[in-house]
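# Notes for the structure review
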Amino acid sequence: MSWTPFPSASITHLPPAPRAPSLQIFAGKPHALAFLADGSLVVGGSHGITLHDPAAPSPPRARVAVVGVSWMVAHPDGESVLALAHGPGGRVMVRVWPGSGRVVELLPRDRLGDYFRGALSPDGARLVWHREGTPPALCSADALTGASQEEVALPPEVAEATWLAVRPDGVVFLGGEAIVAVHPDGRIEPIDDSPFFAGFKPFFVDARGLMGKGGERAAFVDGAIERLENLPKRASGGTIAYDRSRVTLYAQLGAVQVWDVAEQRVLFTAELEGATGQMPGWAGQSAAASATHVAAIDHATAAVRIWHVDQPQQPIAALTDYSLGAQRLVIRGDALTLQSCQPANSLPSVMTIELGSGAMKLLDQCEVHDMAATADGQRLLVLHLRYPMRPLKVTQFDAAGEPGESIEVQQGAGQLALAPDGRTWGVTSHTYPASRATEPTAHAQWRAFGATKWAKNLKLKGRWPRIALCDTAAAVVVGQELVVVGLAKGKTLLTLQLPTLAVCVAISRDGGRVGLMGADRPRIVDVAAGTVVELPAELHGEPAFHRCLCFDDEGRWLFVGHPAGPIVQHRVADGATLATLRFHTDAVRALTWAGGALWSSSEDGTIVRWGELG
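Residues numbered from 1 in each chain as written. Predicted model: local features only at pLDDT ≥ 70, side-chain atom pairs only at ≥ 80, totals over all residues. Heavy atoms only, no water.

### Thoughts on unusual backbone geometry
P59 follows S58 through a cis peptide bond whose omega is -5°. Positionally, P59 belongs in the loop between β6 (48–52) and β7 (62–64). The backbone of E367 sits at a positive phi, close to 55°, despite the residue not being glycine. (Helix = DSSP H or I, 4+ residues; strand = E, 2+ residues; numbered from the N terminus.)

This is the structure we're talking about:
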């Protein structure tokens, strides 16, 4: 086993500014693709909308500062796109002309709802979407001005409709527990003779028939709906060309298919790298086609692959400046090691990046649940699954990527931890009880490198076992119980029952404070006194499920990563909020303090080093 070369990462040094990033790795993460009438490729990503020549896509021809794109469609004018993106007050719907940089805000978040499910009318005049509420409604707005148009209350059977399609005559088809057609006059027609048993998600419709987002097809015949043969490959979504001549369907880690609407046939099929195990979750529309080219997001690497429509065997170009983001970061002077946000599956996810050159390499290890590495780069620990339904293993790799000692733990994954001095490492895992009514037993274990047995094996009942190490102590949290143990003698320093489930733990380098991420709010615990400082539960208007936290080396500050992208800096002494650091446009997944600076990574695909925070 060894390291495999990987396309280099883009590294950008940013001008110094207080409480702002000073270095950015990767351009972000792509979420949606579309082609314009002139054949240009539009990429909607976490950090901007870019315009590309598909035959020579780098560098982009134009960039528009519309960030956090999670949904995008080509407008029939062939020059613009509609995109759901981040605005100053939350999610907004905008119309963007990538060639000129013109941006028009159409709809604010309060009109869109929390979960957007919509489509553009075939003539491009109106945007139609399903809005949750009591009752749920089918809403529409002018696609140029955002002016409200009709609103139709929907029946309960389509209250949770996730897909809809608009026919050229203005009829809207929605799929939920049932399929209904909403006519332009507001009349709701149940499609009782639908040939689909359940789960049909209308995606494309014309005068001839319907297509579902999974590639299902049906025809309108004498006022009834008749089932047709599905597309050859499974699909999970798709895009419609600006002129409705082609429909592109895709499956995450699967096939890309292009359907010619006029000829009623599949004219292009390409297989992207697949996987077994946990599947990644992405927003947006990850494939599109023009008359000459096809583009798709590779969910294994976050690259955008581009083919000539007549040559599905091999891509002609790729955009590789993107990334999945990192859920673990380890920084040393000239390089960093990361575990990408690829979930535990048959794709590798541990890599290193040389900070001087951007050179990357990938560890040939799959089914990775967590990793930790020493600051000198000589030892890499990987928590991984070797065989299904068998205990997990912690394998130690050397700097060349060659495996050494491998130790079995329990079947259920927890996490790895490493003391800052690099001498002690720990791991949590848990059993799978025979009955769902029985709590699993969590194991928290640690030992010095080179030791032949565990220095401590702490067993607690509960779920979500988490561990953090400093040079003198281990902090373990399982369910609602926190235990802090000294490393020297294995003596318990603190046991504390928490008011809610804890999902993340950090410990200051001196061992004096523990940071906890509860299901309700973050907390700071004074280990010696046993006192708890409760931090604000959430930022206004943003979700509250946090993923990560860390202390600075001196124990002055605790940083909390929020699910919408901000990082909040708290003073440890009293929990006061000092600053909110804004750059990321998606959930912050990794925080670490190294070399006197805060580093962070997010599901937006970027890794950043922050500047002065004092």
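### Focus on the environment of E367
Looking at the secondary structure, you find E367 in the loop between β35 (360–363) and β36 (368–373). When the C-alpha positions of E367 and P388 are compared, they lie 9.9 Å apart, and in sequence the two are 21 residues distant. Ignoring anything within four residues of it in the chain, the contact list for E367 reads T276, A344, N345, S346, L347, L383, H384 and L385. (Contact = heavy atoms within 4.5 Å.)

### Considering the side chain of S22
Along the chain, the position of S22 falls in strand β3 (residues 21–25). Contacts of S22, omitting those with residues within four sequence positions, involve T12, H13, L14, R609, W610 and G611.

### With respect to the packing of aromatic side chains
Tallied over the entire structure, the rule returns nine aromatic pairs. An angle of 70° between the planes, with centres 5.3 Å apart, marks the rings of W425 and W454 as edge-to-face. With a gap of 29 residues between them, W425 in strand β41 (residues 424–430) and W454 in the loop between β42 (441–448) and β43 (456–461) connect regions that are remote in the sequence. Taken together, a centroid distance of 5.9 Å and an interplanar angle of 15° make the contact between F559 and W593 stacked. Remark: W593 occurs in strand β56 (residues 588–594) and F559 occurs in strand β53 (residues 557–561); sequence separation between them is 34 residues. Relative accessible area serves as the criterion here: at 0%, F559 is assigned to the buried category. Given the relative accessible area of 14%, W593 is considered buried. (Phe/Tyr/Trp six-rings, centres within 6.5 Å; stacked < 30°, edge-to-face > 60°. Buried < 20%, exposed > 50% of the residue type's maximum accessible area, 1.4 Å probe, protein only.)

### Looking at the nonpolar core
Counting residues in each nonpolar core, the largest one holds 19 residues, and the members touching the most others are I25, L329, L336, L338, I353, W599 and I607. Those elements that provide at least two residues to this core are β3, β32 (326–332), β33 (335–340), β34 (350–354), β35, β56 and β57 (597–602). Take this core: its biggest share by element is three residues, from β32. With sequence-adjacent residues up to four places away left out, L338 is seen in contact with A326, R328, L329, S349, V350, M351, I353, M371 and I607. (Core = buried A, V, L, I, M, F, W, Y, C linked by side-chain atoms within 4.5 Å.)

### Observations regarding the sheet that holds strand β46 (residues 481–486)
The antiparallel open sheet is built from four strands, whose spatial order is β44-β45-β46-β47. Looking at the sheet topology across the chains shown, the edges are occupied by β44 (466–469) and β47 (492–497). In this sheet, neighbouring strand axes are inclined to one another by 10° on average, regardless of whether the strands run parallel or antiparallel. Where strand β45 (residues 473–478) meets β46, six bridges bridge the pair, whose relative direction is antiparallel. Looking at the pairing, A475 lines up with V484 of β46. (Pairing = 2+ DSSP bridges. Axes fitted to C-alpha atoms, helices over the stretch in contact; angles between N-to-C directions.)

### Examining the pattern of salt bridges
Once their charged atoms are close, side chains differing in charge can pair, the charge on each being opposite to the other. What the rule picks out here adds up to 24 salt bridges. Among the salt bridges present, the one from K233 reaches E271, with a minimum N-O distance of 3.1 Å. Taken together, the residues K233 in the loop between β23 (224–228) and β24 (237–240) and E271 in strand β27 (residues 265–271) connect sequence positions 38 residues apart. K233 gets classed as partly exposed once you look at its relative accessible area, which sits at 35%. Close ionic contact of D370 with R328 constitutes a salt bridge, the shortest N to O distance being 2.8 Å. You can see D370 sitting in strand β36 and its partner R328 sitting in strand β32, a full 42 residues away along the chain. Residue classification places R328 among the partly exposed positions, given a relative accessible area of 25%. Here the salt bridges share partners, and the residues they tie into one network are D520, R521, R523 and E534. (Salt bridge = Lys/Arg side-chain N within 4 Å of Asp/Glu carboxyl O.)

### Some thoughts on the pairing of strand β21 (residues 209–212)
Looking down a regular strand, the side chains alternate between one sheet face and the other. The alternating pattern of β21 places G209 and M211 on one face and L210 and G212 on the opposite face, and all of these are buried. Looking at chain direction, strand β20 (residues 202–205) and β21 are connected through three bridges and run antiparallel. Its bridge partner lying in β21, F204 is registered against M211. Connecting β20 to the next strand, β21, in antiparallel fashion are three residues. Across three bridges, the pairing between β21 and strand β22 (residues 217–221) is antiparallel. Its bridge partner lying in β22, L210 is registered against A218. If you look at the hairpin formed by β21 and β22, you'll find four residues sitting between the two strands, and G215 has a positive phi there, around 95°.

Everything listed here is a matter of coordinates, which is why it stays silent on function.
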